[in-house]
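Each chain is listed here by its residues.
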Amino acid sequence: MKEIRLNNVVPEIFANRSDISSDIWLNDVVLERGKIYLIEAASGTGKSSLCSYLYGQRGDYRGVISFDGEDVMKYDINHWCNIRQHNISILFQDLRLFGELTALENVEIKNRITKHRAHKQIESWFEELGIGDKLHARIDRMSYGQQQRVALIRALCQPYDFLFLDEPISHLDDRNSDIMRDIILREAGAAGAAGASGFLFNASKSIFPTGLNLLTGRRSISSSFFGSSNPSIATDDFPRSLV
C-alpha cells in the first residue's frame, strides 16, 4: 500500500457542525508510505475515530477513504483481514491485550502467526523498554504503562506499510517515552531502507519535541503544533495544522 487518501471525510457526529476548522475533516488529505505523521489534539476531536476508520473497524463517517485509489467501503471482511495482516499494524489506545496471558505470550500470539521477528529481537525490546523482568508476568498484574510497552512490541511483530499508534505514551514517564520514540524512529529508518513504512502517531501529549528531525535531512516539527486546542499534524518533511 502506497497511500491513504481521505476525501471530504468527517465523522457523522460532527457532520452537522458549522464550526469545524480542520486540515483533515472535510478536506483532501493524503498519507504517504515512508513518512511519519504526528497528530496532536485535545480529547474528543476524533484522533481515535480516525484510526478506527483507517483500520476498518468503524464506518460512521461521511466522505471517502481510499487505499491506493480503492474506496474502503467496498471491502469485505476477507479483504480487511488481508490488509490487517500485511499492510496496517496498530497500537490501540485501549491496548486489547489478554489479561490472563503473560506479556511474552501476548506478543507471541501474533509473532507465531507472522514469524516476523526473531525471539532474540523481541527479548531485546523488552529489555530496552525496561520490562525485561516482566516477560513471564501476567498482563493483568502489570501497570498500564508497562502494558503500553508490551502493546508496542506486539504491533511491531508483523509486516506493515503503515503503523498506527493511538495515544501510545499516555501512561509513560519521560524516560520511557523517549525510549519508545527511539524504537519507533529506528523502525522507521529500518523500514525505509527496506521499502519505507508510514507512521501515524496520535497523541494528547507528544514524544516528538519541537526541533526533532523525524527523519535525517527532513524538516523538523514546528513549534506551532503544540498547545493548540485543535488537532495538529506534522510529517517528516512539512508541517500542517490538522483535524
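Remember, it's a predicted structure, so these values are computed and weren't measured experimentally. What you see as residue numbers is a count from 1 along each chain, following the sequence as written. pLDDT decides what is reported in this predicted model: residues at 70 or higher carry local features, side-chain atom pairs at 80 or more are listed and counted, and totals for whole chains, interfaces and linings draw on all residues regardless. Side-chain measures here rest on the full set of heavy atoms in the structure, leaving out hydrogens and waters.

### Overview of the overall build of the protein
Argument step 1. Within the protein, the secondary structure is distributed over six helices and 10 strands.
Argument step 2. Counting all 243 residues of the protein, 50% fall into the buried class.
Argument step 3. Pairs of residues are marked as contacts when any of their non-hydrogen atoms sit within 4.5 Å. For the protein, restricting intrachain contacts to residue pairs at least 6 apart in sequence, the fraction spanning at least 24 positions comes to 69%.
Argument step 4. Exposure was quantified through the Shrake-Rupley algorithm and a 1.4 Å probe, taking into account, for residues, occlusion by the shown protein chains and nothing else. In the structure as shown, the protein presents an accessible area of about 11200 Å², 46% of it carried by carbon and sulfur atoms. Segments assigned H or I by DSSP are reported as helices when at least four residues long, segments assigned E as strands when at least two residues long, and all are numbered from the N terminus. Buried residues are those whose accessible area, probed at 1.4 Å on protein chains only, stays under 20% of the maximum for their type, while exposed residues exceed 50% and partly exposed ones sit between those limits.

### Regarding the confidence of the model for the protein
Argument step 1. In this model, the protein carries a mean pLDDT of 82, and residues with pLDDT of at least 70 account for 78%.
Argument step 2. The quantity known as pLDDT measures the predictor's confidence residue by residue, on a range of 0 to 100. Note that residues 209-243 has pLDDT below 50 and, in this model, 99 contacts with residues that lie over four places away or in other chains.

### Focus: the packing of helix H3 (residues 103-114) against helix H4 (residues 119-128)
Argument step 1. Interaxial distance between H3 and H4 falls to 12 Å at its minimum, and their mutual angle equals 140°. Judged by the angle between their axes, H3 and H4 are oblique. You can see that H3 and H4 cross each other, and the crossing is right-handed. Listed contacts from H4 to Ala103, Leu104, Val107, Glu108 and Asn111 of H3 are His119, Ile122 and Phe126.
Argument step 2. Basically, the charged four are Asp, Glu, Lys and Arg, the nonpolar ten are Ala, Val, Leu, Ile, Met, Phe, Trp, Tyr, Cys and Pro, and anything else, Gly included, counts as polar. Among the residues forming the contact of H3 with H4, the class breakdown is five nonpolar, two polar and one charged. Angles run from 0 to 180 degrees between N-to-C directions of axes, and those axes are lines fitted to C-alpha atoms, restricted for helices to the stretch in contact. By the definition adopted for this analysis, an angle is roughly parallel if under 35 degrees, roughly antiparallel if over 145, roughly perpendicular if from 65 to 115, and oblique otherwise. A crossing counts as left-handed when the near helix is turned anticlockwise from the far one by less than a right angle, and as right-handed when that turn is clockwise.

### Section: unusual backbone geometry
Argument step 1. Phi at Leu26 takes a positive value of approximately 65°, unusual for a residue other than glycine.
Argument step 2. Turning to its location among the elements, Leu26 is positioned in the loop between strand E1 (3-11) and strand E2 (28-32).
Argument step 3. For Leu26, a relative accessible area of 39% gives the class partly exposed.
Argument step 4. We note that Leu95 has phi near 70°; this positive angle belongs to a residue other than glycine.
Argument step 5. Relative to the elements of secondary structure, Leu95 occurs in the loop between strand E6 (88-91) and H3.

### Examining the sheet that holds E1
Argument step 1. Note: two strands are recorded as paired if DSSP finds a minimum of 2 bridges between them. Ordered by their spatial adjacency, four strands build an open sheet running E2-E1-E4-E5, and the pairing between neighbours is antiparallel. Of all the strands in the sheet, just E2 and strand E5 (70-71) have a single pairing partner and so form its edges.
Argument step 2. Relative to E2, E1 runs antiparallel, the two being bridged by five bridges. Counterpart to Leu6 in the pairing with E2 is Val29.

### Topic: the pairing of E1
Argument step 1. Strand direction decides the pairing type here: E1 and strand E4 (residues 61-67), joined by six bridges, are antiparallel. Across the sheet, Asn7 pairs through a bridge with Val64, a residue of E4.

### Describing helix H1 (residues 47-54)
Argument step 1. Most of H1 sits out of view: seven of its eight residues are buried.
Argument step 2. Where H1 is concerned, the buried positions are Lys47, Ser49, Leu50, Cys51, Ser52, Tyr53 and Leu54.
Argument step 3. At the exit of H1 stands Gly56, carrying a positive phi of roughly 80°.

### Thoughts on the packing of H3 against helix H5 (residues 144-155)
Argument step 1. Axis separation between H3 and H5 bottoms out at 9 Å; the angle between their running directions is 20°. It follows from the interaxial angle that H3 and H5 lie roughly parallel. Here H3 and H5 pass one another in a crossing that is right-handed. Every residue of H5 that contacts H3 at Ala103, Asn106, Val107 and Lys110 is listed here: Val150, Ile153, Arg154 and Ala155.
Argument step 2. Classifying every residue of the contact of H3 with H5 by side-chain character gives five nonpolar, one polar and two charged.

### Quick notes on the pattern of salt bridges
Argument step 1. A side-chain nitrogen of Lys or Arg and a carboxyl oxygen of Asp or Glu constitute a salt bridge if their distance falls within 4 Å. This model, assessed by the stated rule, comprises 15 salt bridges.
Argument step 2. The shortest N-O distance in the salt bridge between Asp28 and Arg5 comes to 2.8 Å. Remark: Arg5 occurs in strand E1 and Asp28 occurs in strand E2; sequence separation between them is 23 residues.
Argument step 3. When salt bridges with common partners are traced through the structure, they connect Glu3, Arg5 and Asp28 into a single cluster.

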